[in-house]
Structures are given as C-alpha cells and as structure tokens.
Amino acid sequence: MNKKTLIHKVSLTTLLASLSMIGSQASHAEEEGSFFLEEIVVTAQRRAENLSRVPIAVSAFSGDDLKKASITELSDIAGLAPGLYLSSYTTLSPQIFIRGIGSNDDGITAEGAVGVYMDDVYVGRASSAMFDLYDLERIEVLRGPQGTLYGRNTNGGAINIITKKPSDILEGGITLEYGNFDQFSAKGYVSGPLVEGKAAGKISGSYKKRDGWTLNTVDGSRVNDENSTSLRGQLALTPSESVNIVLSMDYSSDDTTSSYKEVIFGSFFGFAAPETPDRFSSAYNNTDAFVKRDIFGASIKVNWDHENFSLTSISGYRNTDIHYTEDFDSTELQIADLETTQEAEQFSQEIRLSSASDGELSWVAGLFYLRDKGRATDLIDLGEFIIGFPDEVTESETQTDSYAAYGELSYQVTDKFKATVGLRYTYEEKSFQVERFNPAASVALLGGFQTILLPQITSTADFSDISPRLVLNYQLNDDMLLYASVTKGFKGGGFNNFPFDTATAQIPFEAEKITSYEAGFKSKFADSRVRLNTSVFYYDYTDLQVRTNVPSGALALPQIRNAAAAKVYGGEVEMNALLTEELSIDLSYAFLHATYTNFVGDAGIGGGINADFSGKFLSRAPKNTLSAVIEYDREVPSLNGQISVRADARYSSTVFFTPANSDVLSQGGYTLLNARIAYENENGWTIALYGKNLTDKTYVAHAIDLLQFNLVTAEIGAPRQYGISASFNF
C-alpha cells in the first residue's frame, strides 16, 4: 500500500466525505490522471475527522507506516512525532515526554504526565504501556494538555493506540522475521465473520526472541536480551443497525535477563574497574538478574447511535505483575542489588455522549472513573563493601480513585469561523501505606536485630481542579486552517514511594498545573500534493513534579519534589510532500526551550544539596529535533508487484537526564539512520530487508546518578540491527 492509500480503512460514507474535503483542485487533478495526498482521518477529538481540519497539534501513523518504518514498539515512534521524546530505564519504566512535559518516576505510586490509551482505555501504569506494536490501525500523538475530551487528564499530551477491529470478510496474515543477535519474531492474525452481519471475531499474536547485545565479562553471558509473547482477541457484535459492541482481551508476557546498565563515569572510589571504551561489554556481579512481567487487559466498548446523539460506554480492566532484579551498581563488585515485585490493578469506566453530527452546533460530554491499586516490595541488598548498613526492605501499597466530568461545545459562528469551549472537573482521592525495615538475615550478619526503619504509616490526600479550554479556528478556504487555543491542564499530587521518615511519608507532593497557549496553521497546496502543519506554543507551568536523588544513609532515595515554575515555549513543523506519483518525503522539526525559572532542590554529581536550578533545562527536553523520511514506491509489472525503498534520519540535540544539567548525565546531539527495501507481490507476499541505526551510533538513552557510590550508570541505546522479514496476507 503506497502513500496514495488511506491511512486506515473507513466506511464508504466516511471515505466519500474525506475525498470531498480535498476540494475542486484535487478533483480536477484526478480527472487529468494526476496524483495527490489522501486525507488522514483521525479520532483525536472523539469523532472521525480530517486531520487537516482538527484544531490541535496531532501526528498520525497508520499500521502501514509503522511496518515500513520497522516500528515494533512505542519508543520507535519518538523520532517521527515532533516534540515526542521517549527513553527507558528498563522495559518496565518508560519515560514519555511531550514538549518537555513528562515523568521519570518508576515507583508503585508513579503516574505519567502523558496519557497512553489503547482503544480508548487509559493505560495508567508506565510498566503496562511498553507492549509490542502489531496489528494496529494507527497511532495518534496529541501534543499539549488533554482533558476536556479524554477520560484521564494529562498535562503533556496523549498517545492513542488503535488496534484493527474484526473484519466482515475472512482475512489473515503472518510475518516472520530474522535478524542479527539471533533475533526471531513471528506475528499473525486471523479475522472474519462468525455470524453474517451480526458478529465478527479476530485473534492476533506476536512472539519475539533475541540474544543480548551486551557481553558480561564475568561469565561470558549475553545480557539485555528479549523474550516476549503477546496475544489479543476481539469480538465485534452488531445486534442492530444502531448498536455495536467490541469486546477485547489482551495478554503479554516477558521473561528476560535484567536491563543491565553500563558505568559511564566513576569507579566506586577506585575499587571497581574503570569504564571500558566498548559500550556493549562490562562486568556484572549479579549474573542472574532477570525481568518477568505479565500483563492482562480486558475491555468492553458499547456504542449506540441515535438519530440525535451517540452514547458510548467504555469499561476497562488491566492487571500487571512484575518481578524484577538488578545489579544496581553495574560493576563486578557486590555493592548493591535490587529486587522488586509489583502488582498493579486498575478499573476504568467512561460514559460519553456526543451530538450525532458535526453541524452548526456540536458537543461532547462525558463522565470518567478510575480506580488504580498497587502493591510493591522493594529489597535493597547491600554487599560487603557497604559496611554497617544492612539490607533494606520497603513495602508499600497505594490506591487512587479519580472522578471526572468533562465536555466541549462547538458553535459554527460563520461558514468559516468556529468557536469551541470546554470544561473539566477532576477530583482525586489517594491513599498510601508504607513500611521500611531491615530483614532479619542481613542484620544478623552484623550481630544485631531486625529493626524498623519506618513504622507502618497510612496517609491520605485529595486533589481537585477545574480545567477550562477555549479554541478559535478560522477556515481560510478548503485547504487552509488557522487556530488558536488556551487550555489548562492538571496532574494530581501524590506520595513518594521511598519516604525518608514519618513526616515525609505523610506529606504529599502537590499537584502540578499548566496553562497552554497555542496557535497553529494547517494547509494543503500544490494540487493537494503537499501538506504543511505548523504550531507554536507557550506554557505557564507551575509546581512541576520533579524526581531528584536525595542522600539517605548509604543510598540515595528518589524523591518527587515540586519545582515552583518553569518556562516552556517552542514550535513544530510537519510536512508531507508527494513529489511524483512514486516519490514522497516527510519532514518534521521541533524547537523547544524548556527551563526552570524557580527551583531549589537536591541533586547528585555536579549539583549539590539545595542547589538552585533556575535557568537549567528540563530533563529530556532537547532543544532541536528533526526527522526526514524519503520513500520511493514503484510498480514493476514484470515482477507482478511493487518495489518500495524507504530511508529515514532522526536527529536530537543535547538531552539532560537530571535538573543539574551535568555533562556526565547527558547525551550530546546525535543522528540515527534507518532504511528498508521491500518487494510486495500482488498475490499478498512481501519480502523486506531492514536496518536500524545503520551507522552503529552509540548513545545514552537514560542515565542514573548513583552519587553515593561515585558512579553514573546508563542504559545504552540499541546498536545496529538488521534483518529480513517475509509476510503473507490473504
């Protein structure tokens, strides 16, 4: 499928409506046998709309786009969507940032500032958001605060993952892939009718296995491997013309070696071997560290279309079980090991009512409820080098109950001018129970007794907010849209997973708030062969929830603290151009200036205690990011198929990983190059060769400050990967 096909299948009515939006120029061009970019249909505003007429900053990628870009997980789209930065401490703790807004906390109490939704169900835990991307309709990345249309209010933005639904005809497919590091994956699906016109079903699955690319010089083993399985089942019911129901269940499991970091600075005061120039070879004392994760999800979506309105109910349940161990210091010495078990469970219910059509007056209103419960046991195993400090166990439980009512109303003031107002009310109750103690086995070695470091404490807090939104948009002509908006966002406060003492366990950190001012321009020109979307924004950002490492005995405990204020502004440009019927280019650029204007906090190396971070850059907020994609699709009748060639380059300027902006806790500017060449036979066969990070660029994806041990460890980005894939669809 080339650039001239729709980003996803739509009904005949929607297709005709989308094509009519292209205007007389495109129609005339089609009559002359010319070519043009097809319209992209998104549901970012909870109804099917032409992307060029949606007055928000949103990027969309179809399942075909993801396949051609060799994208198999969420982190891969970071370089394609402007303003999106995604890194990971482990596969269990992704950090998603949009326009410098995000969260890098990974404890059981953590909540993200960017909402991830799968088929309209909010995925509350970051540890549940990193799943295989397969059998998808599309992904939408919304930038800026979301709340007046979404169940869970989030400051940074939202990522919508939309899976392909069961089809009313029998179809299926399978893809096999093999690459370096003995990488093997298999993906497939079968979909079709069960009861003609009434029920359709679908089963899809994915299996991935790969050897590790990091050599542990202690025992010669390979670490940082991959071993995952995912399954998804869907049932679509149509009991009447006006009612449709979709039931979904998904399960995924990971069982791998731990995410081994590498020392990039320090040597534990000279006792450990210094860092090596080979970024994929190191010495680890804990050779048996592992990651085990199981995720289960289920949802029911019911939609009733009435003559005057549509009523939608979305019920979702998700459960995540994690058992994780880690060589925390990443050296050959037994300094500190971690063992974590987590169980998280959430239930969400959303009811949404919307007007039947996008007429002169249109509206959406909804109610949302979320209950999120978590339990964790964290063991810090201190080795023989940490004399006088026995091991520590922290046991914690948390529960969040979130209630919200939201709505938007749009009025077509004139043929070209539309005004939209929205409002959201949020109320949250949070409870937190924690206890920390020395396990008996560790203190016995020191001739002591088990001690309670922090007695069991239960704390509660509640947070509420009213978040308004105003949007004005002006349709200059069929191909040009101007818009401006003011939106307020809110992210509730909470409790630190590792409080120092009774006082800090009982005092929550405050909610963070943001006011976003944004203006944008969307256009098509050159006979609809070029699409250009731009936006500029300014954020008034207060009470930021910032994670810093604060010294505590032999360790540094991660703490969330409120920065008083930050200044964030920037701009983004996205362009898609069909240069010829066979050649296309996609360009995107984001400029971001994000600095603290008032923040005094604790930092590690290069920061000090009670350091003033005013003027420092926010973490994971690169000033410049750029992506460029060139794609060539050519029909070859002699081969009964099509040849496709695609190459993309993604650049990011310097990124800091802590508020101190230390050089050893940063990554300088770098570029990644990827490519794919494929042959697609008209009978459904496709064979492709692909390569990722073709220049084998070494870069830091995430850095951790172990200030107490005089070490900095880092998650190193994936090295060069290449392989071959074969697929068949019927």
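Nothing here was measured: the structure is a model prediction, and the numbers come from that model. (Residues numbered from 1 in each chain as written. Predicted model: local features only at pLDDT ≥ 70, side-chain atom pairs only at ≥ 80, totals over all residues. Heavy atoms only, no water.)

Trainee: Can you help me understand the overall build of the protein chain in this one?
Mentor: Looking only at helices and strands, the protein chain has five helices and 42 strands in total. Its C-alpha atoms give the protein chain a radius of gyration of 26 Å, near enough to 27 Å, the size a compact globule of 730 residues would have. In terms of overall dimensions, the protein chain has C-alpha extents of about 85 × 55 × 50 Å along its principal axes. The burial tally for the protein chain puts 57% of its 730 residues in the buried class. Within the protein chain, counting contacts between residues at least 6 apart in sequence, those at least 24 apart form 67% of the total. Of the roughly 28,900 Å² of accessible surface on the protein chain, 58% is carried by carbon and sulfur atoms. Separation between the mean location of the 59 positive side-chain charges and that of the 93 negative ones in the protein chain comes to 4 Å. (Helix = DSSP H or I, 4+ residues; strand = E, 2+ residues; numbered from the N terminus. Rg over C-alpha atoms; globule rule 2.2 N^0.38 Å. Buried < 20%, exposed > 50% of the residue type's maximum accessible area, 1.4 Å probe, protein only. Contact = heavy atoms within 4.5 Å. Areas by Shrake-Rupley, 256 points an atom, 1.4 Å probe, with all protein chains shown as cover. Lys, Arg positive; Asp, Glu negative; His and termini not counted. Charge placed at Lys NZ, Arg CZ, Asp CG, Glu CD.)

Trainee: For this particular structure, what's the right way to read the sheet that holds strand E9 (residues 136–143)?
Mentor: In any sheet, the strands associate via hydrogen bonds between backbone groups, in a parallel or an antiparallel arrangement. Taken in spatial order, the five strands line up as E3-E9-E10-E7-E8 in an open sheet, and their pairing is mixed. The open sheet has two edge strands with one neighbour each: strand E3 (58–62) and strand E8 (121–122). Here strand E7 (residues 114–118) pairs with E8 via two bridges, running antiparallel. By the bridge assignment, Tyr117 is partnered in E8 with Tyr122. (Pairing = 2+ DSSP bridges.)

Trainee: Whenever I open this one, a negative patch on the surface confuses me. Can you help?
Mentor: Taken together, the side chains of Asp294, Asp321, Glu343 and Glu345 make up a negatively charged region of the molecular surface. Within the secondary structure, Asp321 sits in strand E21 (residues 309–327). Residue class for Asp321 comes out partly exposed when judged on its relative accessible area of 31%. (Patch = residues over 30% accessible without salt bridge, like charges linked within 9 Å, V, L, I, M, F, W, Y side chains within 5 Å. Salt bridge = Lys/Arg side-chain N within 4 Å of Asp/Glu carboxyl O.)

Trainee: Explanation requested: the nonpolar core in the structure shown.
Mentor: The nonpolar side chains of soluble globular proteins are, as a tendency, buried together. Within the largest apolar cluster, 27 residues are counted, with the highest numbers of intra-cluster contacts made by Leu74, Leu84, Ile139 and Ile161. Setting aside chain neighbours within four positions, we find Ile161 in contact with Leu74, Val116, Tyr117, Met118, Asp119, Phe131, Leu133, Leu136, Arg138 and Ile139. Of all hydrophobic cores here, the second largest spans 20 residues; its members include Leu544, Val568, Leu618 and Ala660. (Core = buried A, V, L, I, M, F, W, Y, C linked by side-chain atoms within 4.5 Å.)

Trainee: Looking at this structure, how should I read the side chain of Lys692?
Mentor: Tracing the backbone through its elements, the reader meets Lys692 in strand E39 (residues 685–692). A polar atom in the side chain of Lys692 sits 2.8 Å from the backbone oxygen of Ser70. When near neighbours in sequence (up to four residues on either side) are disregarded, Lys692 contacts Ser70, Thr72, Asp76, Leu673, Asn674, Pro719, Arg720 and Gln721. (Polar contact = N/O pair within 3.5 Å; in protein donor to acceptor, adjacent residues only side chain to side chain.)

Trainee: Help me out: how do you make sense of the environment of Leu51 in this one?
Mentor: For Leu51, the position within the fold is in the loop between strand E2 (49–50) and E3. The spacing of Leu51 and Lys522 is 471 residues in sequence and 9.0 Å in space, taken between C-alpha atoms. Look past the residues within four positions of Leu51 in its chain and what remains in contact with it is Ile40, Val42, Val58 and Lys522.

Trainee: Can you walk me through the packing of aromatic side chains in this structure?
Mentor: What describes a pair of aromatic rings is the distance from one ring centre to the other and the angle between the planes of the rings. By the definition in use, this model includes 21 aromatic pairs. With a centroid separation of 5.1 Å and an interplanar angle of 45°, the aromatic rings of Tyr369 and Tyr403 are classed as tilted. Note that Tyr369 is positioned in strand E23 (residues 361–382) and Tyr403 in strand E24 (residues 392–412), a separation of 34 residues in sequence. Classification of Tyr403 by relative accessible area gives partly exposed; the value is 37%. Measuring from centroid to centroid gives 6.3 Å for Phe617 and Phe656, while their planes differ by 10°, and the two rings are stacked. Here Phe617, found in the loop between strand E33 (611–612) and strand E34 (624–636), pairs with Phe656, found in strand E36 (residues 655–656); they are 39 residues apart in sequence, far enough to count as distant. Take Phe617: its relative accessible area is 27%, and that puts it in the partly exposed class. Look at Phe656 and you get buried, because its relative accessible area is 15%. (Phe/Tyr/Trp six-rings, centres within 6.5 Å; stacked < 30°, edge-to-face > 60°.)

Trainee: Got a minute to help me understand the confidence of the model for the protein chain in this structure?
Mentor: Detailed reading of the predicted coordinates is not advisable wherever pLDDT is low. Looking at the protein chain as a whole, its pLDDT mean stands at 86, while 90% of the residues score no less than 70. Confidence drops under a pLDDT of 50 for residues 1–32, and excluding neighbours within four residues, the segment shows 60 contacts in the predicted structure. (pLDDT = per-residue confidence, 0-100.)

Trainee: Got a minute to help me understand the sheet that holds strand E14 (residues 214–216) in this structure?
Mentor: Here we have three strands laid out as an open sheet, ordered E15-E14-E19, and mixed in their pairing. The sheet is open, and its two borders are formed by strand E15 (221–223) and strand E19 (281–282), each paired with just one other strand. The pairing of E14 with E15 spans three bridges and is classified as antiparallel. Its bridge partner lying in E15, Asn216 is registered against Ser221.

Trainee: Looking at this structure, I do not really get the pairing of strand E35 (residues 641–652). What am I missing?
Mentor: Within a regular strand, the side chains alternate between the two sheet faces. Alignment of E34 against E35, held across 12 bridges, turns out to be antiparallel. Bridge pairing in E35 links Ile630 to Ala647. Hairpin connection of E34 to E35: four residues between the antiparallel strands, including Asn640 at a positive phi of 55°. Pairing geometry for E35 and strand E38 (residues 670–681), over 12 bridges, is antiparallel. Bridge pairing links Ser652 to Tyr670 in E38.

Trainee: Explain a nonpolar patch on the surface here, please?
Mentor: The grouping of Leu361, Leu409, Tyr411, Val413, Val421, Leu470, Leu472, Val486, Tyr517, Tyr538 and Tyr569 at the surface amounts to a nonpolar patch, some 910 Å² of accessible area in total. At the level of secondary structure, the elements contributing two or more residues to the nonpolar patch comprise E24 and strand E26 (452–477). As for its placement among the helices and strands, Tyr569 is situated in strand E30 (residues 555–578). A residue is classified by how much of its surface remains accessible, and Tyr569, at 31% relative accessible area, is partly exposed.

Trainee: Mind showing me how you'd approach the side chain of Asn438 here?
Mentor: Tracing the chain through its elements places Asn438 in the loop between strand E25 (417–437) and helix H4 (440–444). One polar contact links the side chain of Asn438 to the main-chain carbonyl oxygen of Asp391, over a distance of 2.7 Å.

Trainee: I keep staring at the pairing of E34 and nothing clicks. Help me out?
Mentor: As defined by bridge partners, strand E31 (residues 583–598) adjoins E34 across nine bridges and the pair is classed as antiparallel. By the bridge assignment for E34, Tyr589 is matched with Leu626.

Trainee: Explain the environment of Ser348 to me, please; I cannot follow it from the model alone.
Mentor: Tracing the backbone shows Ser348 in strand E22 (residues 336–355). Among the residues examined, Ser348 registers a relative accessible area of 4% and is labelled buried. Counting along the chain gives 24 residues from Ser348 to Asp372, while the straight-line C-alpha distance between them is 8.5 Å. With sequence-adjacent residues up to four places away left out, Ser348 is seen in contact with Val121, Ile314, Ser315, Gly316, Phe368, Tyr369 and Leu370.

Trainee: Looking at this structure, how should I read the pattern of salt bridges?
Mentor: It is possible for side chains bearing opposite charge to pair when their charged atoms get close. Scanning all chains against the criterion turns up 37 salt bridges. In this structure, Asp648 and Arg650 form a salt bridge, with 3.0 Å as the shortest nitrogen-oxygen distance. You can call Asp648 buried: its relative accessible area is 5%. Through salt bridges with shared partners, a single network forms among Asp64, Lys67, Lys68, Glu631, Asp633, Arg646, Asp648 and Arg650.

Trainee: Sorry if this is basic, but what is going on with unusual backbone geometry here?
Mentor: Most peptide bonds adopt trans geometry, and most residues besides glycine take a negative phi value. Here the phi dihedral of Arg99 falls at roughly 55°; this positive angle occurs in a residue that is not glycine. Position of Arg99 relative to the elements: it lies in the loop between strand E5 (94–98) and strand E6 (101–102). A positive phi angle, near 75°, is found at Asp120, a position not held by glycine. Residue placement: Asp120 occurs in the loop between E7 and E8. Using a relative accessible area of 16% as the deciding quantity, one classes Asp120 as buried.

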